[in-house]
Amino acid sequence: MSVAFYRDYVADLKARIDDLHANTDRYQTYELTMELLAQKNLVSYTEKKAKGQTEGLSYRRDFTTGQAVQMQQQNAYALFSGFFNLGQFLAFTGQGRQPDAKQFAELLTDNWRYPTCAVYLTFRQKGQPKTPSMRMHFVGLNGQADAAAYERKADRADNLVAQRPFSSAVFWEWK
């Protein structure tokens, strides 16, 4: 099986998210939710704009202790920016989820070797009738060699997107 690479998609997504933060006044509404699994932690980032009001929340939960702490938005955002700058990305189909959250996290991250990031983004720029949206879950890898090694793991083979553009009931590229 051959998997689809998402480096170009993630670079475009990062540019859109960066623009959203730099030019908030250009957007009528938006909703951005990101969850990063890395180093036995879940970092969650949410930001919304509706009716001219912007609000957000970020926190980190330790998988070892279960303890959660709130984070500054800019600190959490810096972690996501670091993820988006990795060398290559694969995407998950959303099939074959494990019932236990810890086991599922360990499976996706290859026992915490590689970070994963789920992203949901919908926005509408001022004066535009269309509201694009996307929902994807990526694994971040250092490059092609890591991508090939990650793909070879038999227990994940059916969970990876093989053909782009991808769309299912759970995840989709821009629509």
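One can find the structure itself at the top, above this paragraph.
Worth saying up front: this structure is predicted, and the values here are computed from it rather than measured.

How each quantity is defined
- Residues numbered from 1 in each chain as written.
- Predicted model: local features only at pLDDT ≥ 70, side-chain atom pairs only at ≥ 80, totals over all residues.
- Heavy atoms only, no water.
- Helix = DSSP H or I, 4+ residues; strand = E, 2+ residues; numbered from the N terminus.
- Buried < 20%, exposed > 50% of the residue type's maximum accessible area, 1.4 Å probe, protein only.
- Contact = heavy atoms within 4.5 Å.
- Phe/Tyr/Trp six-rings, centres within 6.5 Å; stacked < 30°, edge-to-face > 60°.
- Lys NZ or Arg CZ within 6 Å of the ring centre and 35° of its normal.
- Arc of directions from axis to C-beta.

Asks: Pulling in residues and values, what's your account of the overall build of the protein?
Replies: Along its length, the protein carries four helices and seven strands. Each helix and strand of the protein, placed in order from N terminus to C terminus, yields the pattern α-β-β-β-β-α-β-α-β-β-α. Within the protein, buried positions represent 45% of all 175 residues. Look at the contacts in the protein between residues 6 or more apart in sequence, and 67% of them connect residues 24 or more apart.

Asks: Any details on the environment of Leu121? Residues and values, ideally.
Replies: Its location among the elements puts Leu121 in strand β6 (residues 116-125). According to the relative accessible area criterion, Leu121 is buried, its value standing at 1%. Not counting chain neighbours up to four residues away, the residues in contact with Leu121 comprise Leu13, Ile17, Leu20, Glu31, Leu32, Pro132, Ser133, Met134 and Trp174.

Asks: Tell me what's going on with the side chain of Ser81, and back it up with residues and numbers.
Replies: The topology assignment puts Ser81 in helix α2 (residues 73-84). Here Ser81 falls in the buried class, since its relative accessible area comes to 15%. Discounting residues that sit within four places of it in the chain, Ser81 has contacts with Lys14 and Asp18.

Asks: How would you summarise unusual backbone geometry if you had to cite specific residues and measurements?
Replies: Geometrically, the link from Arg164 to Pro165 is a cis peptide bond, its omega value of -5° lying close to zero. Within the element layout of this structure, Pro165 appears in the segment after α4 (144-152). Positive phi, normally seen in glycine, also occurs at Gln39, with a value near 50°. One can find Gln39 in the loop between β1 (27-38) and β2 (41-50). With a phi angle near 75°, Trp112 is a residue other than glycine that sits in the positive phi range. Looking at where Trp112 falls in the secondary structure, it is placed in the loop between α3 (101-108) and β6. The class for Trp112 is buried, based on a relative accessible area of 15%.

Asks: So, the packing of aromatic side chains: which residues are in play, and what are the values?
Replies: Inspection of the entire model under this criterion finds 13 aromatic pairs. Both rings, one in Tyr6 and one in Tyr9, keep their centres 5.7 Å apart while their planes meet at 85°; by these two values the pair is edge-to-face. For the ring pair Tyr45 and Phe80, a centre distance of 6.1 Å and an interplane angle of 65° mean the geometry is edge-to-face. One end of the pair, Tyr45, is in strand β2; the other, Phe80, is in helix α2, with 35 residues separating them in the sequence. Comparing Tyr45 with Phe80 shows no difference in burial state: the two are buried. Here the aromatic residues Tyr27, Tyr30, Phe123 and Trp174 are joined through ring pairs into a cluster of three or more. Its end group placed over the ring of Trp174, Arg16 keeps NZ or CZ at 4.2 Å from the ring centre.

Asks: Mind laying out α4, listing which residues take part and the relevant values?
Replies: Buried within α4 we find Asp146, Ala147, Tyr150 and Glu151. Projected onto a plane normal to the axis of α4, the buried residues spread over an arc of 135° and lie on a single side. Facing away from the buried side of α4, by more than 90 degrees, are the exposed residues Ala145 and Arg152.

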